[in-house]
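Secondary and tertiary structure notes
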Amino acid sequence: EPEVTQTPSHQVTQMGQEVILRCVPISNHLYFYWYRQILGQKVEFLVSFYNNEISEKSEIFDDQFSVERPDGSNFTLKIRSTKLEDSAMYFCASRPTSGGADTQYFGPGTRLTVL
Amino acid sequence: AQSVTQLGSHVSVSEGALVLLRCNYSSSVPPYLFWYVQYPNQGLQLLLKYTTGATLVKGINGFEAEFKKSETSFHLTKPSAHMSDAAEYFCAVSNTGANSKLTFGKGITLSVRP
């Protein structure tokens, strides 16, 4: 069964450094998402992406964040200058079509630790 | 704006006992409702969803949930817990538009005692 994959599973970085989190969505899916979960808190929406552009972004998704689909298979989340409060589990998700009824398929997550 | 409330952070049941995980939502438009499960070191997996039609929906692993509009609830149940059900469970809501994001509750950890 196709699945969403994410790399790395765990990333440790120093405050102020740039990190890139990578995701490979399911191959025929068209909509892509990033969510994050700070330890002990809710899973929060960051950004959605369709047709090579951002569809929607949350207040969390400020100028330090960016997303890209560089090669038609990977979907990346870049954090330019990490802060301590960026430490969280980051989940990538994809969906085949539009419409809120469609299931979003999640990857296993990348745990980001900012020191 | 939409929101989801999952009261409590941890539920413990005995093997074979009823599982009841509560979820209440707030939405200004008819919502789509989802339950996801996360096993250790794995991603979020869809258990079941309500979109339209029958308000009692059945999912994988014997779970079911009932959409009650009057109570704005979507509680998850399973008649008989199994050890393998131990996991974290998330209730989520989305609207009906394209690009619909999921709004999650904070999740509930289910423990199953032998």
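Coordinates for the structure precede this section.
Note that the coordinates shown come from a computational prediction; the quantities given were computed from them, not determined experimentally. (Residues numbered from 1 in each chain as written. Chains lettered and ligands numbered in written order. Predicted model: local features only at pLDDT ≥ 70, side-chain atom pairs only at ≥ 80, totals over all residues. Heavy atoms only, no water.)

Observations concerning the pairing of strand β11 (residues 110–114) of chain A
Residue and element names in this part refer to chain A. As a reminder, the rule being used: To sort residues, take the accessible area from a 1.4 Å probe on protein chains only and compare it with the maximum for the residue type: under 20% means buried, over 50% means exposed, and anything in between is partly exposed. Secondary structure elements are defined from DSSP: runs of H or I of at least 4 residues count as helices, runs of E of at least 2 residues count as strands, and each element is numbered from the N terminus. Strand pairing is defined by DSSP finding a minimum of two bridges between the two strands.
Alternating residues of β11 divide into Thr-110, Leu-112 and Val-114, all buried, and Arg-111 and Thr-113, none buried. Pairing of strand β2 (residues 10–13) with β11 involves 4 bridges; the strand directions are parallel. In the sheet register, Val-12 faces β11, and the bridge partner there is Thr-113. With 3 bridges connecting them, strand β9 (residues 88–95) and β11 associate as antiparallel partners. Bridged to Tyr-90 within β11 is Thr-110.

A short note on the interface of chain B and chain A
How big an interface is tends to be stated in terms of accessible area lost as the parts join. Our working definition: A contact between two residues is defined here by any heavy atoms of the two lying within 4.5 Å. Buried area: the sum, over both parts, of the accessible surface (1.4 Å probe) that disappears when the two are put together. Think of a salt bridge as a Lys or Arg side-chain nitrogen and an Asp or Glu carboxyl oxygen that are within 4 Å of each other. N or O atoms closer than or at 3.5 Å make up a polar contact, with two conditions inside protein: a donor-capable atom paired with an acceptor-capable one, and, for residues adjacent in sequence, both atoms drawn from side chains.
Taken together, the 24 residues of chain B in the interface contact 24 residues of chain A. When the two sides are added together, the surface that chain B and chain A hide from each other amounts to roughly 1800 Å², 54% of it contributed by carbon and sulfur. For the pair chain B and chain A, the number of links is 1 salt bridge. As a salt-bridge pair, Glu-56 of chain A and Lys-101 of chain B come within 2.8 Å of each other at their nearest N and O atoms. The tally of links between chain B and chain A comes to 7 residue pairs in polar contact (both at pLDDT 80 or more). Only β5 (32–38), β6 (44–50) and β10 (87–94) of chain B provide two or more residues apiece to the side of chain B that touches chain A.

Here we look at the side chain of Gln-37 of chain A
Topologically, Gln-37 of chain A is positioned in strand β4 (residues 31–37). Polar side-chain contacts of Gln-37 of chain A include one of 3.1 Å to the backbone oxygen of Gln-41 of chain A. Other than its neighbours up to four places away in sequence, Gln-37 of chain A contacts Lys-42, Val-43, Ala-88, Met-89 and Phe-91 of chain A together with Gln-38, Phe-90 and Lys-106 of chain B.

What to know about the packing of aromatic side chains
The cut-off we apply is this: Aromatic rings from Phe, Tyr and Trp, taking only the six-membered ring of Trp, are treated as a pair when their centres fall within 6.5 Å; an angle between ring planes under 30 degrees marks them as stacked, one over 60 as edge-to-face, and anything in between as tilted. Ring-over charges, as used throughout, are those where CZ of Arg or NZ of Lys falls within 6 Å of the ring centre and within 35 degrees of the ring normal.
Under the definition given, this model contains 18 aromatic pairs over all chains. On the basis of an interplanar angle of 90° and a centroid distance of 5.7 Å, the ring pair of Tyr-35 of chain A and Phe-104 of chain B is categorised as edge-to-face. One end of the pair, Tyr-35 of chain A, is in strand β4; the other, Phe-104 of chain B, is in strand β11 (residues 103–104), on a second chain. An identical accessibility class is assigned to Tyr-35 of chain A and Phe-104 of chain B; each is buried. Here a set of aromatic residues connected by ring pairs shows up, and it is made of Tyr-33, Tyr-35, Phe-45, Phe-91 and Phe-106 of chain A together with Phe-34, Tyr-36, Phe-90 and Phe-104 of chain B. Over the ring of Tyr-31 of chain A we find Arg-95 of chain A; its NZ or CZ atom is 5.3 Å from the centre of that ring.

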